[in-house]
Amino acid sequence: MFVNDCLNVNEKGHLTIGGCDTVELAKEYGTPLYILDENTIRNTCRSYVSSFQKFYNGNGMPLYASKALSCKELCRIANEENIGLDVVSGGEIYTAVQAGFPMEKTHFHGNNKTAQEISFAIDSKVGKFVVDNLYELELLNSIAKEKNVVVNISLRIKPGVDAHTHNFIRTGQIDSKFGFALETGEAFEAVKKALSYENLSLTELHCHIGSQIFDIDPFVTAAEIMVTFMGKIKNELDVTISELNLGGGFGIMYTSDDEPVPYENYMEKVSVAVKAKSAEFGLPVPYIYIEPGRSIVGEAGITLYTVGGRKEIPDIRTYVSIDGGMPDNVRYALYQSAYTVVNASKADKEPDELVTVAGKCCETGDLIQEHTKVANVEVGDTLAVLSTGAYNYSMASNYNRIPRPAMIMVKDGKSRVIIKRESYEDLVRNDV
Ligand code: LLP
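Treat the numbers as computed from the prediction; the structure is a model and nothing was measured. (Residues numbered from 1 in each chain as written. Predicted model: local features only at pLDDT ≥ 70, side-chain atom pairs only at ≥ 80, totals over all residues. Heavy atoms only, no water.)

(A) Up close: the layout of surface pockets. Size it by volume and the largest pocket reaches roughly 750 Å³. Lining the largest pocket are 35 residues, and of these Lys67, Val88, Phe178, His208 and Tyr391 sit closest to its centre. Of all the secondary structure elements, the ones that give two or more residues to the lining of the largest pocket are helix H10 (294–297) and helix H11 (331–335). Its residues assigned to classes, the lining of the largest pocket comprises eleven nonpolar, 13 polar and eleven charged. (1 Å grid on protein atoms, 1.4 Å probe; cavity = no way out; pocket = protein on both sides within 12 Å on 5 of 7 lines; lining within 4 Å. Points joined across faces, edges and corners; volume = space filled by probe spheres on them. Helix = DSSP H or I, 4+ residues; strand = E, 2+ residues; numbered from the N terminus. Nonpolar A, V, L, I, M, F, W, Y, C, P; charged D, E, K, R; others polar.)

(B) Region of the structure containing the site of the ligand. Surveying the vicinity of the ligand reveals 19 residues, the closest of which are Ser211, Glu291, Arg294, Arg331 and Tyr391. One nitrogen or oxygen atom from the side chain of Asp86 is found 3.3 Å from a nitrogen atom belonging to the ligand. Glu291 is positioned such that a nitrogen or oxygen atom in its side chain is 2.7 Å from a nitrogen atom of the ligand. For the ligand, whose free accessible area comes to 590 Å², the fraction covered by protein is 91%. Of all the cavities here, the one that holds the ligand is the largest pocket. (Near = heavy atom within 4 Å. Polar contact = N/O pair within 3.5 Å; in protein donor to acceptor, adjacent residues only side chain to side chain. Areas by Shrake-Rupley, 256 points an atom, 1.4 Å probe, with all protein chains shown as cover. Sits in = over half its atoms within 2 Å of the grid points.)

(C) Layout of the nonpolar core. Within the largest apolar cluster, 106 residues are counted, with the highest numbers of intra-cluster contacts made by Ile41, Tyr64, Phe129, Ile153, Leu155 and Leu205. No other element matches helix H8 (residues 217–237), which puts nine residues into this core. Contact partners of Ile153, with chain neighbours within four places excluded, come to Lys128, Phe129, Val131, Leu137, Leu140, Ala194, Leu200, Ser201, Leu202, Thr203 and Glu204. Within the second largest apolar cluster, 22 residues are counted, among which are Ile17, Leu304, Ala406 and Val410. (Core = buried A, V, L, I, M, F, W, Y, C linked by side-chain atoms within 4.5 Å. Buried < 20%, exposed > 50% of the residue type's maximum accessible area, 1.4 Å probe, protein only. Contact = heavy atoms within 4.5 Å.)

(D) Unusual backbone geometry, seen in detail. That bond from Thr31 to Pro32 is cis: its omega, -10°, falls within 30 degrees of zero. Structurally, Pro32 can be placed in the loop between helix H1 (22–29) and strand S4 (33–37). If you check the backbone angles, Gln336 has positive phi at about 55° while not being a glycine. Relative to the assigned elements, Gln336 resides in the loop between H11 and strand S16 (341–343). For Tyr391, which is not glycine, the phi dihedral falls at a positive 55°. Its relative accessible area of 15% is what places Tyr391 among the buried residues.

(E) Molecular detail of the packing of helix H2 (residues 38–56) against helix H3 (residues 72–80). As a packed pair, H2 and H3 sit with axes 10 Å apart at the nearest point and diverge in direction by 40°. By the angle class used here, H2 and H3 are oblique. Two packed elements cross with a definite hand, and for H2 against H3 that hand is right-handed. From H2, Glu38, Ile41 and Arg42 reach across to H3, where they touch Leu74, Ile77 and Glu80. Classifying every residue of the contact of H2 with H3 by side-chain character gives three nonpolar, no polar and three charged. (Axes fitted to C-alpha atoms, helices over the stretch in contact; angles between N-to-C directions. Parallel < 35°, antiparallel > 145°, perpendicular 65-115°, else oblique. Left-handed = near helix turned anticlockwise from the far one by under 90°.)

(F) Structural detail: the side chain of Asp381. Assignment of secondary structure puts Asp381 in the loop between strand S18 (367–374) and strand S19 (382–386). Polar side-chain contacts of Asp381 include one of 2.9 Å to the side chain of Asn343. Within the structure, Asp381 has its side chain in polar contact with the backbone nitrogen of Glu378 (distance 2.9 Å). Sequence-distant contacts of Asp381, that is, excluding residues within four places in its chain, are made with Tyr305, Thr306, Val307, Asn343, Ser345, Lys346 and Asn376.

(G) Geometry of the environment of Ile313. Positionally, Ile313 belongs in strand S14 (residues 301–313). Measuring from C-alpha to C-alpha, the distance between Ile313 and Asn111 comes to 46 Å, with 202 residues separating the pair along the chain.

(H) Layout of the packing of helix H5 (residues 115–123) against helix H6 (residues 134–146). Contact geometry of H5 with H6 gives a least axis separation of 10 Å together with a crossing angle of 50°. Between H5 and H6, the crossing angle belongs to the class labelled oblique. Between H5 and H6 lies a crossing of right-handed hand. Where H5 approaches H6, its residues Ala115, Ile118, Ser119 and Ile122 are matched on the opposing element by Glu136, Leu139, Leu140, Ile143 and Ala144. Counted by class, the contact of H5 with H6 contains seven nonpolar, one polar and one charged residues.

(I) View of the pattern of salt bridges. Inspection of every chain in the model, using the stated rule, returns 27 salt bridges. A salt bridge links Arg42 to Glu81, with the nearest nitrogen and oxygen atoms 2.8 Å apart. Here the residue Arg42 occupies a position in helix H2, and Glu81 occupies one in the loop between H3 and strand S6 (84–87), the gap between them amounting to 39 residues. Residue classification places Glu81 among the buried residues on the basis of a relative accessible area of 8%. (Salt bridge = Lys/Arg side-chain N within 4 Å of Asp/Glu carboxyl O.)

(J) Spatial organisation of the packing of aromatic side chains. One pass over the full model with this rule turns up eleven aromatic pairs. For the ring pair Phe219 and Phe250, a centre distance of 5.0 Å and an interplane angle of 50° mean the geometry is tilted. Of this pair, Phe219 sits in helix H8 while Phe250 sits in the loop between strand S12 (243–245) and helix H9 (263–280), and the two are 31 residues apart along the sequence. Given a relative accessible area of 5%, Phe250 falls into the buried group. The interplanar angle of 90° and the centroid separation of 5.2 Å between the aromatic rings of Phe219 and Tyr266 together place this pair among those described as edge-to-face. Of this pair, Phe219 sits in helix H8 while Tyr266 sits in helix H9, and the two are 47 residues apart along the sequence. The exposure class of Phe219 is buried, given its relative accessible area of 4%. A network of ring pairs unites the aromatic residues Tyr48, Phe219, Phe250, Tyr263 and Tyr266 as a single cluster. The ring centre of Phe108 lies 5.5 Å from the NZ or CZ of Lys113, which sits over that ring. (Phe/Tyr/Trp six-rings, centres within 6.5 Å; stacked < 30°, edge-to-face > 60°. Lys NZ or Arg CZ within 6 Å of the ring centre and 35° of its normal.)

So yeah, pure geometry; function would need other evidence.
In structure tokens, the structure reads:
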């Protein structure tokens, strides 16, 4: 009935998630409210782990890209599900450390890691640095030297694959701020340079072609290009790079127009390509990492809002105002992202009314969705926006000094807070 398996409708006609009545949850915890379904998250983690077992002799590990949603509970779940973490800032590293995450299973990304972050990451025993540029290579080596340690590194390569997704989230092409380009020879020079540093140990190559991608072919092409590059390194430098990180980007369902492929199919096809290319170049089959973010938490999450006023503009549109908006979900304002909106109070009714869901900020573009069909919306109804688990909380702001919502985790009819609602006091905490 819904795009997300964890959702259902109960005898009161209310939307449920993980066996909990969303209208009751809205009453108990207040709105706006982020909700995550634990079983969905764990099942997705397990399907990634089992796809490695099934198609690649277990010779690899998924890393959860915590930029999709970083909080201590997600780090704990990732650890319990035997997956690593992709972290992209000092803050994400700190979160993982605070959660007791085994830091050797983290990869540190970012196109401009500061000296302070690098130093903190080394002290926190981050497992691998995914180096983006020559300046970082030099800086990382000098900080590692000062600390008298050798750090494991990967190099972020732009494989030149053009994934078909939103312009802002395409990263594999040459005109991208991330990584070293293959076509220009920049990547090969970076490998030579990396090998020359005493305090760096190059064991991995990395690529990430973009996000919210449904087609498996570009992933396969990128994997083939990367192994071919590993072959060139072996032939010309007599160096074997033993690990390959293929990034994340697997698409999820926001509306019924989206058709994600089962995540298993990804490893099935990519492992065939990697094995074949490795054999072609006489390379050992590499250990593989992938970095799913959105697909681990996206469909597991929904956001609840309470409807305030309605504004009917004859022959134009009907605005329905909610008690949240771009501070908790900026994705429509930023990317015109499609979402499914459900009247959680009347989830058993046909979505027959065309409305524009507007946030409460002083900003015309503060919309969650335009011209979307929802069952007869009245003041006080609970609205649910589906598939908000990824890149909502993690991109949230305090615009208009609106406190960030709480996040709760539901599982088999039970709920618990995993991130507390911000208070007004939190908002002024750093004001002097
Ligand atoms: N690995 C790297 C190096 C990445 O840059 C990203 C996402 C991922 C993994 C995870 O990709 P995922 O599996 O989540 O697609 N804010 C945008 C998405 C930006 C993605 C940035 N990098 C959005 O809301 O759609």
